[in-house]
Structure formats: structure tokens, C-alpha cells
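Residue strings, one per chain:
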Amino acid sequence: MVEVVAALVWRDGKILICRRPADKARALLWEFPGGKVEAGETKQQALVRECREELAFEVVPGSVFCETLFNCTAQGEPQQLEHAALKWVQPQDVAAYNFCPADKVIVEKLYALAKEDGHV
């Protein structure tokens, strides 16, 4: 079984979302940064490595948002190396984007939290 991990990268109240490339599985759907956990890595180490490899920037993992998703802070500016697009969006706006099926639960939770906070 492959273990995956993802990041809610926060900056100025916004979250980083990434659009998958047109030539890969789930083409042009949006996702949160992350990827596979390699043998011998913690989930947090995998997040740091994946963000370095795919976005050429550093993240600092923090608290767990849900299961395999961590709140992270960014150091530097992400680079569009592998993705079709990168965007910083308000949490209440994530529902407007067409996300990968695996991220739908996260999108719903973010939207519900924003609604509770009175941002929707």
C-alpha cells in the first residue's frame, strides 16, 4: 500500500493549490502539494522533500489538519516546475475549483470551517 501525504501551505490567510499537468493522471484537476512517503521517511519529511522536488521551495510542517494532511508554513516562493498552475486562494474559495477525488473531503472540511468562521 502506498502512503501519501499532503500540505495545506498557508501564507497571509491563503492556501496554496496546484493544478496537475495536462499529460498526467487526473489531468488539470487541482490538488494540494504533497506526494508519496518513501521508505524510512516520516510524513513530515516526505512533505518537505516533495515540495522541494515539485515546487522548489521549503515548507515547515506543523499541526495535523486531518489524517495525512498537515498545516504548513512556506519559506520562499513556490516555482511552477511540474504543475500547470499554482494559486494562493482563500479557504472559503477552494470549493470553486475542480479538485482530485482524493482531495474532495479536505475541500469540504475547509469550506465547513470557513463557514463556521463566518467567511462564507
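Here, the structure is the one placed above.
Residues numbered from 1 in each chain as written. Predicted model: local features only at pLDDT ≥ 70, side-chain atom pairs only at ≥ 80, totals over all residues. Heavy atoms only, no water.

Caption draft 1: Quick look at helix H2 (residues 104–116). Here H2 is 13 residues long and its end C-alpha atoms lie 18 Å apart, about the 18 Å a rise of 1.5 Å per residue gives. All buried positions along H2 are accounted for by Ile106, Val107, Leu110 and Ala114. Looking straight down H2, one finds its buried side chains confined to an arc of 100°; they lie on one side. Facing away from the buried surface of H2 by more than 90 degrees, the exposed residues are Val105, Glu108, Lys115 and Glu116. Those residues of H2 that are buried are in contact with strand E1 (4–11), strand E2 (14–19), strand E5 (58–66) and strand E6 (69–75). Gly118 lies just past H2 and shows a positive phi near 80°. (Helix = DSSP H or I, 4+ residues; strand = E, 2+ residues; numbered from the N terminus. Expected span 1.5 Å × (residues − 1). Buried < 20%, exposed > 50% of the residue type's maximum accessible area, 1.4 Å probe, protein only. Arc of directions from axis to C-beta. Contact = heavy atoms within 4.5 Å.)

Caption draft 2: Highlighting the packing of aromatic side chains. Throughout the structure, instances matching the rule amount to two aromatic pairs. Taking the centre distance of 5.3 Å and the plane angle of 70° together, the rings of Trp30 and Tyr97 count as edge-to-face. On the criterion of sequence distance, the pair formed by Trp30 in strand E3 (residues 30–31) and Tyr97 in the loop between strand E7 (85–89) and H2 is long-range, its members being 67 residues apart. Taking the relative accessible area as the measure of exposure, Trp30 reaches 7% and is therefore buried. According to the relative accessible area criterion, Tyr97 is partly exposed, its value standing at 21%. In this structure, Lys109 packs its charged tip against the face of Phe65, placed 4.7 Å from the ring centre. (Phe/Tyr/Trp six-rings, centres within 6.5 Å; stacked < 30°, edge-to-face > 60°. Lys NZ or Arg CZ within 6 Å of the ring centre and 35° of its normal.)

Caption draft 3: View of unusual backbone geometry. The phi dihedral of Ala56 falls on the positive side, at around 55°, and the residue is not glycine. Relative to the helices and strands, Ala56 resides in the loop between helix H1 (43–55) and E5. Its relative accessible area of 42% is what places Ala56 among the partly exposed residues. Backbone geometry at Glu67 places phi at a positive 25°, although glycine is not the residue there. In this fold, Glu67 is placed in the loop between E5 and E6. On the basis of relative accessibility, which here comes to 72%, the residue Glu67 falls in the exposed class.

Shape is all these values report; function is a separate question.
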